[in-house]
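Take a look at the letters that make up each chain.
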Amino acid sequence: MKNNPHTPESGEPFAKFLRKNLGDSLESQTTDMLEQSFEVRTMARLRGMESAGNNFWSFLDQLTPKLIPAFAMAGVLFLGLFWAEFGSNSGPLTFALELESAPTQDIVAFLLE
Amino acid sequence: MAVAMVVQETEVPDEHLVQQTLEGNTEAFSGLILKYKRRILTMASRFSRDAHTIDDIAQEVFIRAFQKLPQFRATAPFEHWLSRIAVRCCYDHLRWHQRRHLLFFSSGEGEADDSLDRLARSNDQGGQEAREAAADAIHRALGKLRPKERVSVTLLDLEERSVREVAELTGWSEANVKVKAHRARQKLKKILSQKGFLDL
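Residues numbered from 1 in each chain as written. Chains lettered and ligands numbered in written order. Predicted model: local features only at pLDDT ≥ 70, side-chain atom pairs only at ≥ 80, totals over all residues. Heavy atoms only, no water.

*Asks:* Would you explain the overall build of chain A in this entry?
*Replies:* The secondary structure content of chain A amounts to 5 helices and 0 strands. Listed N to C, the secondary structure of chain A is α-α-α-α-α in terms of helices and strands. Expressed as a percentage of its 113 residues, the buried residues of chain A come to 19%. In the form shown here, chain A has an accessible surface area of approximately 8200 Å², with 66% of it arising from carbon and sulfur atoms. (Helix = DSSP H or I, 4+ residues; strand = E, 2+ residues; numbered from the N terminus. Buried < 20%, exposed > 50% of the residue type's maximum accessible area, 1.4 Å probe, protein only. Areas by Shrake-Rupley, 256 points an atom, 1.4 Å probe, with all protein chains shown as cover.)

*Asks:* Would you take a moment to explain a nonpolar patch on the surface for this structure?
*Replies:* A cluster of nonpolar side chains, Phe78, Leu79, Phe82 and Phe86 of chain A, forms an exposed patch at the surface whose accessible area comes to about 500 Å². Along the polypeptide, Leu79 of chain A turns up in helix α3 (residues 38–86). (Patch = residues over 30% accessible without salt bridge, like charges linked within 9 Å, V, L, I, M, F, W, Y side chains within 5 Å. Salt bridge = Lys/Arg side-chain N within 4 Å of Asp/Glu carboxyl O.)

*Asks:* Help me out: how do you make sense of the nonpolar core in this one?
*Replies:* In summary, soluble globular proteins display a tendency toward joint burial of nonpolar side chains. Counting residues in hydrophobic clusters, the biggest one holds 46 residues, and the most contacted among them are Phe29, Val61, Phe62, Phe78, Leu82 and Val151 of chain B. Secondary structure elements with two or more residues in this core: α3 of chain A together with α2 (14–22), α3 (28–45), α4 (51–68), α5 (78–104), α8 (147–158), α9 (163–170) and α10 (174–194) of chain B. Tallying contributions element by element places α5 of chain B first for this core, with 10 residues. (Core = buried A, V, L, I, M, F, W, Y, C linked by side-chain atoms within 4.5 Å.)

*Asks:* Any chance you could explain the environment of His139 of chain B here in plain terms?
*Replies:* Residues and elements named next belong to chain B. Mapped onto the elements, His139 comes out in helix α7 (residues 128–143). Owing to a relative accessible area of 9%, His139 belongs among the buried residues under this scheme. Considering only alpha carbons, one finds His139 and Ser48, 91 residues apart in sequence, at a separation of 8.6 Å.

*Asks:* Would you mind showing me how to read the packing of α7 of chain B against α10 of chain B here?
*Replies:* The angle between the axes and the distance between the axes are what describe a pair of packed helices. All names here are of chain B. Put simply, α7 and α10 touch, their axes get as near as 9 Å, and they point 130 degrees apart. Viewed along their axes, α7 and α10 adopt a mutual orientation that is oblique. Here α7 runs over α10; the crossing is right-handed. From α7, Ala137, Ile138, Ala141 and Leu142 reach across to α10, where they touch Leu188, Ile191 and Leu192. When grouped by side-chain class, the residues that make up the contact of α7 with α10 number 7 nonpolar, no polar and no charged. (Axes fitted to C-alpha atoms, helices over the stretch in contact; angles between N-to-C directions. Parallel < 35°, antiparallel > 145°, perpendicular 65-115°, else oblique. Left-handed = near helix turned anticlockwise from the far one by under 90°. Contact = heavy atoms within 4.5 Å. Nonpolar A, V, L, I, M, F, W, Y, C, P; charged D, E, K, R; others polar.)

*Asks:* I keep staring at the packing of aromatic side chains and nothing clicks. Help me out?
*Replies:* To describe a pair of aromatic rings, one takes the distance between the centres and the angle between the planes. Residues and elements named next belong to chain A. Scanning the entire structure with this criterion turns up 9 aromatic pairs over all chains. Relative to Phe17, the ring of Phe14 lies with its centre 5.7 Å away and its plane at 40 degrees, an arrangement referred to as tilted. Here the residue Phe14 and the residue Phe17 both occupy positions in helix α1 (residues 14–21), the gap between them amounting to 3 residues, near one helical turn. On the basis of relative accessible area, Phe14 is assigned to the buried category, the value being 9%. (Phe/Tyr/Trp six-rings, centres within 6.5 Å; stacked < 30°, edge-to-face > 60°.)

*Asks:* Hey, could you run me through the confidence of the model for chain A in this one?
*Replies:* Detailed conclusions should not be drawn from predicted coordinates in areas where pLDDT is low. In the predicted model, chain A carries a mean pLDDT of 77, and the fraction of residues at 70 or more is 82%. Across chain A, α3 of chain A holds the top mean pLDDT of 84, while helix α2 (residues 24–35) of chain A sits lowest at 74. (pLDDT = per-residue confidence, 0-100.)

*Asks:* Please explain the confidence of the model for chain B as it appears in this structure.
*Replies:* Residue and element names in this part refer to chain B. Put simply, chain B has an average pLDDT of 83, and 80% of its residues get 70 or more. Counting interchain partners and residues more than four positions distant, the pLDDT-below-50 stretch residues 106–112 has 8 contacts. Here the complex is predicted with pTM 0.70, and the ipTM for its interfaces comes to 0.73.

*Asks:* Just to check I follow, could you spell out the pattern of salt bridges for this structure?
*Replies:* Two side chains bearing opposite charge may form a pair once their charged atoms approach each other closely. Going through the model one piece at a time under the given rule, you end up with 21 salt bridges over all chains. A salt bridge links Asp92 of chain B to Arg64 of chain B; the nearest nitrogen and oxygen atoms lie 3.0 Å apart. Of this pair, Asp92 of chain B sits in helix α5 while Arg64 of chain B sits in helix α4, placing them 28 residues apart in sequence. Each of the salt bridges in this network shares a partner with another, and the network as a whole consists of Arg45 of chain A together with Asp56, Glu60, Arg64, Arg88 and Asp92 of chain B.

Dropping the structure here:
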């Protein structure tokens, strides 16, 4: 092993040893290969990202008019339930909790009424 | 592509290409990619041996540069600004790789390491196989370093940059860079001596 040229010579700086063994030969082979039409691949990815971003915003633009009535209806429904629960003596939530804790025979009797 | 060809022939200044890109001419950016792709690919290849990963890191560098281009102030050369982004991308890749490795694999003890066998098998001491085995062993040793240590030692010892340059590129203090590089060298020496590549 000591005679191997890929081990550091005595007194050789470690950095030089690293450079000698990780020289550009191995890396340049990969780099040469990847360099081929690299800009084309990157620009394609860039355009893809740009169009995906544009598509997202245009999709959102199209969706907004449909979302507004849906959100409005959901809001009205929520307010209705809120009022029913807290604006009256026995709201749906209270009723559900009472029903859960009620004995089975009471529930059956209620359903049969 | 046409812009890229023109850039190659006439050496359009970076500032001009940056300005054109900012004005909405996305194609002008391919001129900058063409100019700096080799440098970025070479830097990325120091942090990974997988061609797909190198390609991905290099592409990520240019995509980040494109997205951050409005923040570019021409107080420093574009190349320096791009190098900072490249170093950051490589560091992020190492951190991601380390997290993934810790999550899914053991400390790497089970990995097949035949570099020493290959070196012993190689009768021709100056041959290609011995060179590849040595490079393989060093790459594996580099892979065992912490991301900051690997970035510091790679930029200092392989890219032959100064401590000040590395500090500027990474955003870490000069003292931090020196400490990380020193620790990295110590670790590398220890690992390589265990593998029989170094006589300590």
